[in-house]
Amino acid sequence: LLHRRDQGQPIRDAMKAAGLSGPSVAEATKTLDPDGKGISAAKVGQLAGRGKTAKERCRPRTAELIAEVLNQPLDDLFVTPSPSTSTVERSTPT
């Protein structure tokens, strides 16, 4: 799962700059999604919002769709994980 940056402030800023509401972002994700499903207006609201209904994490595909609609780099809106040390080869001779 990816975490939104700054409690969603970059998402809110990008939406404002693009002149898009949560429902319009959600609708636009449907055209980008090969399955045509997109993400719901409620999910956009949770990720962009503040307060009790706000969500800090989402699936990578959700984050990618939002970033693409807002024409923003994914890393500007969400914290992307760094490679896990558990998957890095540790048997390199020293």
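Right above here is the structure, for reference.
Residues numbered from 1 in each chain as written. Predicted model: local features only at pLDDT ≥ 70, side-chain atom pairs only at ≥ 80, totals over all residues. Heavy atoms only, no water.

1. Considering the sheet that holds strand 2 (residues 57–58)
- With antiparallel pairing, the three strands of this open sheet are ordered in space as 2-1-3. Each edge of the open sheet carries a strand with a single partner, namely strand 2 and strand 3 (78–79).
- Sheet topology places strand 1 (residues 2–4) next to strand 2; two bridges connect them, and they run antiparallel. Paired with L2 across the two strands is C58, which belongs to strand 2. (Pairing = 2+ DSSP bridges. Helix = DSSP H or I, 4+ residues; strand = E, 2+ residues; numbered from the N terminus.)

2. Re the packing of helix 2 (residues 22–32) against helix 4 (residues 60–69)
- The N-to-C vectors of helix 2 and helix 4 enclose an angle of 105°; their axes lie 9 Å apart at closest approach. Regarding the angle of helix 2 to helix 4, the classification is roughly perpendicular. Contacts between helix 2 and helix 4 involve V25, A28, T29 and L32 from the first element and R61, L65, E68 and V69 from the second.
- Here the residues of the contact of helix 2 with helix 4 are counted per class, giving five nonpolar, one polar and two charged. (Axes fitted to C-alpha atoms, helices over the stretch in contact; angles between N-to-C directions. Parallel < 35°, antiparallel > 145°, perpendicular 65-115°, else oblique. Contact = heavy atoms within 4.5 Å. Nonpolar A, V, L, I, M, F, W, Y, C, P; charged D, E, K, R; others polar.)

3. Observations concerning helix 4
- Buried within helix 4 we find T62, A63, L65, I66, A67 and V69.
- Immediately beyond the C-terminal end of helix 4, within one or two residues, lies N71, with a positive phi of roughly 55°. (Buried < 20%, exposed > 50% of the residue type's maximum accessible area, 1.4 Å probe, protein only.)

4. Some remarks on unusual backbone geometry
- Within the chain, Q7 stands out as a residue other than glycine whose phi angle is a positive 55°.
- Within the fold, Q7 resides in the loop between strand 1 and helix 1 (9–18).
- We classify Q7 as exposed; its relative accessible area is 54%.
- One non-glycine residue with positive phi stands out, namely N71, at about 55°.

5. Regarding the nonpolar core
- I11, M15, I66, L70, L77 and F78 are the most contacted members of the largest nonpolar core, which has 19 residues in total.
- Of all the elements in the fold, those that place two or more residues in this core are helix 1, helix 2, helix 3 (41–48) and helix 4.
- At five residues, the largest contribution of residues to this core is made by helix 4.
- In contact with L70, other than residues within four places in its own chain, are I11, A14, M15, L20, V25 and L77. (Core = buried A, V, L, I, M, F, W, Y, C linked by side-chain atoms within 4.5 Å.)

6. A few points about the pattern of salt bridges
- Here the structure, examined in full by the defined rule, presents three salt bridges.
- Here E56 ties to R4 by a salt bridge, and the two come within 2.8 Å at their closest N and O atoms. On the criterion of sequence distance, the pair formed by E56 in the loop between helix 3 and strand 2 and R4 in strand 1 is long-range, its members being 52 residues apart.
- What makes R4 buried here is its relative accessible area of 6%.
- Salt-bridge contacts for K30 lead to E27; the nearest nitrogen and oxygen are separated by 3.5 Å. Of this pair, K30 and E27 both sit in helix 2, three residues apart, roughly one helical turn.
- Judged by relative accessible area, K30 falls into the partly exposed class, the value being 36%. (Salt bridge = Lys/Arg side-chain N within 4 Å of Asp/Glu carboxyl O.)

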